[in-house]
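Reading the structure
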Amino acid sequence: MWLGKNRRRLDEFFDVEGEKSEELRIVGDAGRVKWIGRDMTRGRIAVEGHAGMHLGSRMAGGAIEVSGDVSDWLGAEMSGGAIHVRGNAGGQVGAAYRGSLAGMRDGTIVIDGRAGLEVGQRMKRGTIVVSGGVRDFAGLEMRGGTIVLGAAELRTGAWMLRGTIVVLQSIPILPTFAYASTYSPTFLGLYAQRLKRLGVEIPVDEHAGAYRRYTGDAAIPGKGELLVWEPRG
Amino acid sequence: MGGKVSCTLGEVTNRADFIIFWGGNPAECHPRHFTKYSLTPKGRFVPDGRKGRTAVLVDIRETPSAKAADIFLQLRPSKDFEVLTTLRALIKDQRVDPAAVAETGLTLEQLQDLVDRMKKARFGAMFFGMGLSMTRGKHMNSGALLNLAAEMNAFTKFVCMPMRGHGNVTGADVVLRYTTGYPFGVNLSRGYPRYNPGEFSTVDLLVRGDNDAAFILGADPGATMPQPAIEHLASIPTIVLDPKVTHTSRLSRVHITTAVTGVSAPGTAYRMDEIPLPLAPALRSPYPTDEEVVRRIRRAVARRPAWQPVDENVRSAIA
Amino acid sequence: MSPTTLRVTGGRVYDPANGVDGAVRDIAIRDGKIVDSVDGGRTIDASGMVIFPGGVDVHSHVAGAALNFARGLTPENYRAARRFLHAPGRRQGLGGITPTTFATGYLYAGMGWTTVNEAAMPVLTARHTHEELHEVPIIDKSTLVLMANNEFVLDLLEAGETERARHVVAWLIWAAKAYGVKAVNPGGVNAWKWGRNARVLHEPVYGYETLTPATIIEGLAAIVDDLGLPHPVHLHCNNLGIPGNVETTIETMKILEGRRAHLAHLQFHAYGGDDWGTMRSAAVEVAEAFNANPNLTTDAGAVLFGDSVTLTADGPWQHLLYQLTGRKWANLDVENETGCGIVPYVYKDRSLVNAVQWATGLELMLLIDDPWRVHLTTDHPNGGCFWRYPEIIRLLMDAEFRKEQLRQIAPKARERIVLGDLDREYTLSDIAVVTAAGPARALGLTEKGHLGVGADADVTIYPGTPDGDGILFSYPRYVLKGGEVVVEEGDVRAVTEGKEFIVHPPSDEGTAEYLRPLFEKAYTMSFANYPVEIERVKGADVRPLH
C-alpha cells in the first residue's frame, strides 16, 4: 500500500492474519484508508469500522460490507457487485469521476445512514438506496438506473435524462419537472419486492399514501421520473 | 453535456450587443471591465458603444453594478441553479412549472422575456462572479450557466466566461494544465499528476489534515479559508512567499519577502480570457523574485537523494 | 558532457533524399551534424537494425491556447493515460490524447520523431504557445500563424491592397515569431463569429462585399510565395468533415494552380455523398486531382479508431460536431484573428461515417503516386494521437493486414470505399519518405529528413524485425537528436532542449504605424505588448528565405 509517495507493506500498519483468501476482514478504523476494494471482481470484503474514500471504486463484482461510515466516491463508476454501508457515506456515491461521461454502470449500493452531494451522478444502470437523507443533486445528470432515498435536500434529479428516483418524503421539486400522475403503491409491488430483497422497504400500503410522479428534467429535455411518497391525509 | 464556449474580451467589445452579468459586481470588483471591455467602449460592430448594447444583471441584491444595467433581475439567495435550469428548458420551448419558478423570486414572464431577448441578440456574452460559483451549488451553478451559453449557440452566437481575479490565478491554471494536464487540485505525490477536486483541492487537503507541510505563493489562505484549514496550516511547517506580511505569514514558520511581480519582477500574467500579457517591471526591488526563491529551494532540494519509484509496473510504463 | 563524436555502424540505412535504399552504411557524427568520418568516440553497433532519418511531423497540435483548453476539458482522458514519473533530469507528465508538454517531447522522441510543426497559432496568444513549446523537450519545433480570418488581412484583400497585405502578413509573422502561414477555413472562422460559416468558395464571406474564400486563398498563397517563406501556405480547406466536400477541395486545387501550397489533413476533405447517410470516400477523385497538381503537398490526416479530441480553428465545424455528439464542446474565439473549437470524439469501427474516414485516409496515402508529396499525419489529436503513427505504418506496408482490418468495420461502409481494391504496399524507403524526407522538404528544412553530410544528426534506429503485434516502428532502439543519444533501449536517456525555427520576412517600415491605430480599435491590449519579444523564444533559429 501507499503512504503518500512511499510504498509500504501492509503489515507496517495492520496486524495481518490468515491465508490468501477471497474473504477479507478489516477490523478497526480504516477511515483514512483510500481505495479499499478498488477494481474488485469477486470475493468479499468486510470492514468492521470506518472506511475511507473511493471504497469499491470501479468494482465489477463481489461484495463489500462496512459497519461504520465511509467517505466520498463510494462505488464510483462501479459496474457490478454489491456494497452495503451500515453507517453514513460522503458525497459522489456511485458517481462519475470529474470529466467522465458515465458514473455507476451497474451493481447495488445500499446505505443505511445518510449520504452527501451528487449521489448517483451520471449513473447509467444499477441501484442506489440511501435510507437516511442525502444532500443536493441526487441523480444529477442521471441516465438510467434507480435511486431510492429516505429524504433529499435540493435539486434532486437535476438534468436527468432517464432513470427513476424514489423519495420517501416530500422534497422541493425543480421548476423543470412536471407533475404527471399519482401512482397507487399497488402498481409498485414488483419494484418494492426487488428492493425488499436488498433489505430496503418502501411504503406499499395504499391506505397510507401514494407516490406523486414527476417527469423531467425539461432542461435537457429528459424523460426521467421522480416518485415522491405522499402520506394520505 | 458540459463544456465552455468563450472568447477573448476584444470579441465582446467588438461584437456583443447583449451582455449578462450573473452573481458578480464588476462596478466594484472589476472596475475597468465595463469601460474597457464589456459595456461602454465602441466596437467595430457596435459603433454606438453603450447604446448599442443591452446589459442584464442577475444577483441576489441590488449592487452598484445594477445602475449600469438596463435590466436588473433580483433572485432569492441560492436560487441560481433553479433559474438557470429553467432557462435551459425555456430556450428549448419546454414547459416549466410557473409556481416553482416563482419561488426563485423571478416570474416565468420575466424569464421568458429574458430568453426572447437572448435569442434576438446578435452576439451574447455572459460573465459570472463568485455570487454564482461560490454559493450553494458551486461548480454546478457555473456549469449551468456555461451549458446555457453553449446551448444558445443553436439559436445565435453566445459566449460565457468567469470573472476571475486575485492576481495571476488564471496563469496558474494555464501553467498547471500544460505541465500536468489538470487545472487545479493536482497531486504529484506519486511522481505523476493525479486530479480529483474535493480530494486534492487545497481546502479539502487542509481541512482533512492530509498534508504535512505547506508552501504558499501568491495566495492568502489564512484570510479566506475555513477555520479547520487555518488551524492545520498553523500546526505544520508553512512557508509563505509574499511581498507583504499576510494573515498566512503570521501563522507560518517561514515568511520570505519577495519582489512584487509586475512592479519590480518580470513575468507573464494571464488575463481572465487567458491572453498572456508580458509584465515589464518599472522599479527595482531589494527582494528576490518568487522565481528566484523557488529556483534556489529547488536546487537545495535536488541535492538530497532522489526519490525513486519502486513500482515496476509504473516504471515500465515509461518505456 | 555529451560525446562530440559518434559512429553508428552496420545498420541498413534508408535515406531516400540521398538515394540510399537499405544499403549497409556507417554513419559518422560530429558536433551534432552528420560528417564523412570520425575518429574515436562512442560506436553504436546497429547490425541487423534499420536506420531512418528522425521523423518530421508536418502537421500536429502540440502546444498553444487551444490545445491547453482541450487539456482542461478532458480530465477523464488523463486518468487512463500513460504516466511519466518525475525523476532526476526528467519532469513528470501524462501522455494520452493531449499529452502534457514534457510528455509530448518524450513521446515524440520515444517514437523516433525529432521535428514537429505546430500547425495553428494565433498572434494574440503566440507568447503562450512559445512558452509551452519551450517546455516540450528534445524535439525541434516550428509554428504556423493563423492568417485566413485575420480581419486586418481580410480587409486589405477585400480592398485589393495586396502589397500592403503582404507587409502586414510579414509583420504579423515576425510579431508571432512564426515559421509559416496557416489558413483555416478561409473566411469561415470569421463568419462563425456571427454563428455562420463560409461554405461556397466563390461567394462573399459574411460581412464582406466582395471578398470570397477563393480570394483569401489566392491572396495568401501569393503573399507566402512573394515573401519567399520556406514553407508554402498551409491550407485547411473550407467544408472540413462535411459529406460532399470533395468539390470544394478540387475547386481549391484549381484556385491554387501555379502556386505552392500544402493542403492539410486531406482525409477530412475527401468525402462524397450528400449527407451522413450517403457519405462515401472520394479519395479516388481527390488523389487524381492532387496527382495532376505537382505544385501541391499534403498530409494524410488519417483517422484511427478510438478516442480522440477534435481541435481546430474551424469553429463552425466544431459546433456541428457538438450537436452531432451531444457531448462536450469548448469554443474560444480570438479577437480580430481566429477562433477555435474543441469536441472530444470517439471513432468507432462500427460507425459508417468513421469507417469511411478511416479508409479515406489510407486510400489517399495509397492513391497519391508520389510519396514525397503526401506526409504521414493524423492531424493529432484530431484523427488519432501522434504516438499511434506506427499503427498506420503497418497498415500502409501490409495489404493483407488491411484486408483483415476491413472485415472489422461497418459492413455498409465497405461499399463506400475502395480500400479493399488497393494492393499497394509501402516499402521501407517509402516510409522514410512519408515520415521524414518528404515533410522536411515541404517545410523547407534542408538539414532535416536525411542523413547526408551536413544534415542534423537526428537519427532513428529501429530493430530490424517487427514487434509481437507486427508493428515495426513502435519501439526504436536508439534515437539520436543533434548527435546525442536521447532514447536508448526504450527509455529517455538525455533530455535536451530543441530549437524553434522561425522566419523574419521583410515588411515595410511603416507597417507598425499603419497597424497601430487599427489595432487600438480592434484589440483590448496595448500594441507594444502584442509582438512576442525574441528573447521569449528559447532556442530561436531564424531561417533564411528563398
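The present account deals with the structure reproduced in this document.

Calculation rules
Residues numbered from 1 in each chain as written. Chains lettered and ligands numbered in written order. Predicted model: local features only at pLDDT ≥ 70, side-chain atom pairs only at ≥ 80, totals over all residues. Heavy atoms only, no water. Helix = DSSP H or I, 4+ residues; strand = E, 2+ residues; numbered from the N terminus. Buried < 20%, exposed > 50% of the residue type's maximum accessible area, 1.4 Å probe, protein only. Contact = heavy atoms within 4.5 Å. Areas by Shrake-Rupley, 256 points an atom, 1.4 Å probe, with all protein chains shown as cover. Buried area = accessible area lost by both parts, 1.4 Å probe. Salt bridge = Lys/Arg side-chain N within 4 Å of Asp/Glu carboxyl O. Nonpolar A, V, L, I, M, F, W, Y, C, P; charged D, E, K, R; others polar. Core = buried A, V, L, I, M, F, W, Y, C linked by side-chain atoms within 4.5 Å. Polar contact = N/O pair within 3.5 Å; in protein donor to acceptor, adjacent residues only side chain to side chain.

A few words on the overall build of chain C. Within chain C one finds 16 helices and 26 strands. With the C-alpha coordinates aligned to their principal axes, the bounding extent of chain C is approximately 65 × 55 × 45 Å. Here chain C holds 546 residues, and the buried ones make up 67% of them. Long-range contacts, defined as pairs at least 24 residues apart, comprise 75% of the intrachain contacts of chain C with a sequence gap of at least 6. Entry remark: accessible area of chain C is about 17000 Å², with carbon and sulfur atoms responsible for 48%.

The next subject is the interface of chain C and chain B. Taken residue by residue, the interface counts 61 residues in chain C and 55 residues in chain B. Roughly 5000 Å² is buried in total at the junction of chain C and chain B, and carbon and sulfur atoms are behind 54% of that figure. Three residues stand out in chain C for area buried against chain B, namely Leu85(C), Trp194(C) and Thr524(C), and they jointly supply 15% of the buried area on that side. Inspection of the chain C/chain B interface yields five salt bridges. Looking at the side of chain C that touches chain B residue by residue, the class counts come to 22 nonpolar, 19 polar and 20 charged.

Here we come to the pattern of salt bridges. Residues and elements named next belong to chain C. As enumerated under the stated definition, the model contains 58 salt bridges over all chains in all. Ionic pairing is found between Lys 403 and Asp 423, a salt bridge with its closest N-O pair at 2.8 Å. Taken together, the residues Lys 403 in helix α14 (residues 399-406) and Asp 423 in the loop between α14 and α15 (428-443) connect sequence positions 20 residues apart. Asp 458 is paired through a salt bridge with Lys 448; the nearest N and O atoms lie 2.7 Å apart. In this pair, Asp 458 is assigned in the loop between α15 and β21 (459-463) and Lys 448 in the loop between α15 and β21, connecting sequence segments ten residues apart. Assessed through its relative accessible area of 4%, Lys 448 is described here as buried.

Of all hydrophobic cores here, the largest spans 174 residues; its most connected members are Ile173(C) and Trp358(C). Examining the composition of this core, we find that ten residues originate from one element, helix α12 (residues 352-367) of chain C, more than from any other. Residues within four places of Ile173(C) in sequence aside, it is in contact with Val145(C), Met147(C), Ala178(C), Val181(C), Leu227(C), Leu229(C), Val503(C) and Pro505(C). The next biggest cluster of nonpolar side chains, apart from the first, holds 84 residues, and it includes Ala138(A), Ala158(A), Met160(A) and Leu87(B).

What follows covers the interface of chain A and chain B. Contact residues are listed per partner, giving 35 residues for chain A and 38 residues for chain B. The contact between chain A and chain B buries some 3100 Å² in all, and 57% of this surface belongs to carbon and sulfur atoms. Of the charged contacts in the structure, one is a salt bridge between Glu153(A) and Arg136(B), with a shortest N-O distance of 2.8 Å. For the pair chain A and chain B, the number of links is 14 residue pairs in polar contact (both at pLDDT 80 or more). When its residues are assigned to classes, the side of chain A that touches chain B shows 18 nonpolar, four polar and 13 charged.

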